[in-house]
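# Understanding the architecture of this molecule
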Protein chains: 2
Amino acid sequence: MNNTIELLLSHRSIRKFTDEPVEQSVVDTLVKCGQAAATSSNVQAVTAIQVHDTAKREKLAALAGGQPYVASAGAFLVYCADLNRPRIACEKEAGEFSPGMTEHFIIATVDVALAAQNTVVAAESLGLGICYIGGLRNNPAEVSELLGLPDHVYPVFGLCLGHPAQDPQVKPRMPLEAVLMHDQYDTEQFNGPMAEYDETVREYYKSRTSGKKDSSWSQEMKALVGKESRPHMKGFLNKRQLMVK
Amino acid sequence: MNNTIELLLSHRSIRKFTDEPVEQSVVDTLVKCGQAAATSSNVQAVTAIQVHDTAKREKLAALAGGQPYVASAGAFLVYCADLNRPRIACEKEAGEFSPGMTEHFIIATVDVALAAQNTVVAAESLGLGICYIGGLRNNPAEVSELLGLPDHVYPVFGLCLGHPAQDPQVKPRMPLEAVLMHDQYDTEQFNGPMAEYDETVREYYKSRTSGKKDSSWSQEMKALVGKESRPHMKGFLNKRQLMVK
């Protein structure tokens, strides 16, 4: 155990921020930390768009399904998977860009997440709070239009950064046995831990909401994967020439 | 600047490891650090399969396109995007799982990358070296069979962990201006930095290979996106009931 590991284990999302701004030099450093993450074949398929404009921030907060902290956080970044930049590089070298490969889509999406997570760790090491905003995928076409994203680029998620004005507890995670397997996948391995975790989650919600929220992890999962989720995504991505083949 | 930020900025992939093993308690801690990362709607769609079996490790090294460090690293994890566990939870609650959503595929893939990157940062904070193995996607069906992965699960990448037996330099990244934009996407913004970076990369390769490798970033990108890449991925994923709609 060391400070970095303690930091990682103490993560929780922050959704209330003070008015204190995040200096641009700090944001620059955080994004550079993101760039230092591993990247598949050095493609660096990540573009972060920092949104300063107040009206745009408010629109994004609405497009994300009404998340006011998108507007109120000290800084807000939209993380885009970007195959447009390698396309330009490829064509500069008289290559013929091969659009729409699912593999390139995976590469770019993973690149974005690795970079963003480094940015998050760096931010938290400076005492800042963060919150990922997957809600941007509620309206990816509108987000793309607002930010002028070209084809071969999509907004994966947003990231709020700021000085925390709340101190929520760390959300308990699944027991290790359920997620770390050995030599082969074993469905049996997570039956017990899952039942145990269901009760942990129920207690967590109850204590956070003074008993109002009474739900297990399995119940939450039923709500999440027991119905279609953002069914527009495939059509949107295909239109952007992503994930076509 | 602090120790964590210095650590993040000093990342490089390690492909040669000493024989010193990585204690199981350390691997457990690293995976727990991964679990502590943000996860969309708390789905925790990550299963890490630690491969101990020597024969399996050697097969995986071959399946990844001949990467011997997959077999020789102190520890090796296969990171899987796992929608099978939430499926089981959903069905336990008498829900009807909605398979094949592209949105769920994105959620799970991002979850995996965020978790893995936390594991990487924790590992490096302990002086271990790491290398991501995207090459597992060369043969995802064979990897899945070897590890007994069920439907709704796919191997996103592998991760080598171990005590470094080499000390490579940090690979230079794109100038910040090319990847951090403000308020809108601006293609013009990366023309200059990209040309500059082409030369940085050329010098980097030359100095690492005593002049043998003479290639710019744009030339590398032509090789990467100027042709089809792992064209089996879409069919493989669809077969596994991922990313169908």
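With that settled, consider the nonpolar core. Soluble, globular proteins show a tendency: their nonpolar side chains are buried together. Tyr154(A), Leu60(B) and Tyr154(B) are the most contacted members of the largest nonpolar core, which totals 180 residues. If we skip the residues at most four places from it in the chain, Tyr154(A) touches Tyr79(A), Cys80(A), Ala81(A), Phe105(A), Thr109(A), Leu149(A), Met233(A), Phe236(A), Leu237(A), Leu242(A) and Ile106(B).

Moving on: the packing of helix H6 (residues 102-125) of chain A against helix H6 (residues 102-125) of chain B. Relative to each other, H6(A) and H6(B) sit at 45°, their axes nearing to 8 Å. Taken together, the axes of H6(A) and H6(B) are oblique relative to one another. H6(A) and H6(B) meet at a crossing whose hand is right-handed. For the pair H6(A) and H6(B), contact is made by Phe105(A), Ile106(A), Thr109(A), Val110(A), Ala113(A), Leu114(A), Gln117(A), Asn118(A) and Val121(A) and by Phe105(B), Ile106(B), Thr109(B), Val110(B), Ala113(B), Leu114(B), Gln117(B), Asn118(B) and Val121(B), respectively. Residue composition of the contact of H6(A) with H6(B), by class: 12 nonpolar, six polar and no charged.

Another aspect to go through is the domain arrangement of chain A. Partitioning chain A into structural domains gives domain 1 (3-169 + 228-239) and domain 2 (176-214). Computed from C-alpha atoms alone, the centre-to-centre distance between domain 1 of chain A and domain 2 of chain A is 29 Å.

Glancing now at the packing of aromatic side chains. Both the distance between ring centres and the angle between the ring planes are used here to describe each pair of aromatic rings. Residues and elements named next belong to chain A. Scanning all chains against the criterion turns up 12 aromatic pairs over all chains. Note on Tyr79 and Phe157: the rings are 5.8 Å apart at their centroids and 50° apart in plane angle, and the pair reads as tilted. Within this pair, whereas Tyr79 is found in strand E2 (residues 75-82), its partner Phe157 is found in strand E4 (residues 153-162), the two being separated by 78 residues in sequence. Neither residue differs from the other here; Tyr79 and Phe157 are each classed as buried. Note on Tyr132 and Phe157: the rings are 4.9 Å apart at their centroids and 80° apart in plane angle, and the pair reads as edge-to-face. Of this pair, Tyr132 sits in strand E3 (residues 129-133) while Phe157 sits in strand E4, and the two are 25 residues apart along the sequence.

Before going further, it helps to spend a moment on the sheet that holds strand E2 (residues 75-82) of chain B. Ordered by their spatial adjacency, five strands build an open sheet running E5(A)-E1(B)-E2(B)-E4(B)-E3(B), and the pairing between neighbours is mixed. A single partner strand is all that each edge strand has here, and the edge strands are strand E5 (180-182) of chain A together with strand E3 (129-133) of chain B. Geometrically, the sheet is characterised by an average inter-axis angle of 25° between neighbouring strands, direction not taken into account. Relative to E2(B), strand E1 (residues 46-50) of chain B runs antiparallel, the two sharing five bridges. In the strand pairing of E2(B), Ala48(B) is matched with Tyr79(B).

Attention now moves to the relation of the copies chain B and chain A. Note: a rotation about an axis with an accompanying shift along it relates these two copies of the chain. Laying chain B over chain A is done by rotating through 180° and shifting 0.0 Å along the axis; what remains is an RMSD of 0.0 Å. Taken together, the rotation angle and the small translation identify this as a two-fold axis. Comparing contact sets, 100% of the residues at the interface of chain B also lie at the interface in chain A, consistent with an isologous, same-surface contact.

Quick look at the pairing of E2(A) now. Buried residues dominate E2(A), accounting for eight of its eight residues. Burial along E2(A) is two-sided: the face carrying Ala75(A), Leu77(A), Tyr79(A) and Ala81(A) and the face carrying Phe76(A), Val78(A), Cys80(A) and Asp82(A) are both buried.

This brings us to the pairing of E2(B). It is a general feature of regular strands that their side chains alternate between the two faces of the sheet. Pairing analysis gives eight bridges linking E2(B) to strand E4 (residues 153-162) of chain B, with the strands arranged antiparallel. Counterpart to Ala81(B) in the pairing with E4(B) is Tyr154(B).

Here Arg57(A) lies in helix H3 (residues 54-63). Despite being buried, Arg57(A) has no salt bridge partner; Asp183(B) is the closest side chain of opposite charge, sitting 7.4 Å away. Those residues within four positions of Arg57(A) in sequence are excluded, and the remaining contacts are Val51(A), His52(A), Val70(A), Ala71(A), Ser72(A), Ala73(A), Gly74(A), Ala75(A) and Phe76(A).

Before going further, it helps to examine unusual backbone geometry. Within the chain, Ser210(A) stands out as a residue other than glycine whose phi angle is a positive 50°. Relative to the elements of secondary structure, Ser210(A) occurs in the loop between helix H9 (191-208) and helix H10 (217-225). The residue Asp183(B) is not glycine, and still its phi comes out positive at about 70°. Structurally, Asp183(B) can be placed in the loop between strand E5 (180-182) and helix H9 (191-208).

Cut-offs used in this document
Residues numbered from 1 in each chain as written. Chains lettered and ligands numbered in written order. Predicted model: local features only at pLDDT ≥ 70, side-chain atom pairs only at ≥ 80, totals over all residues. Heavy atoms only, no water. Core = buried A, V, L, I, M, F, W, Y, C linked by side-chain atoms within 4.5 Å. Buried < 20%, exposed > 50% of the residue type's maximum accessible area, 1.4 Å probe, protein only. Contact = heavy atoms within 4.5 Å. Axes fitted to C-alpha atoms, helices over the stretch in contact; angles between N-to-C directions. Helix = DSSP H or I, 4+ residues; strand = E, 2+ residues; numbered from the N terminus. Parallel < 35°, antiparallel > 145°, perpendicular 65-115°, else oblique. Left-handed = near helix turned anticlockwise from the far one by under 90°. Nonpolar A, V, L, I, M, F, W, Y, C, P; charged D, E, K, R; others polar. Domains from an automatic or database assignment. Phe/Tyr/Trp six-rings, centres within 6.5 Å; stacked < 30°, edge-to-face > 60°. Pairing = 2+ DSSP bridges. Least-squares fit on C-alpha atoms with pLDDT ≥ 70 in both. Lys, Arg positive; Asp, Glu negative; His and termini not counted. Salt bridge = Lys/Arg side-chain N within 4 Å of Asp/Glu carboxyl O.

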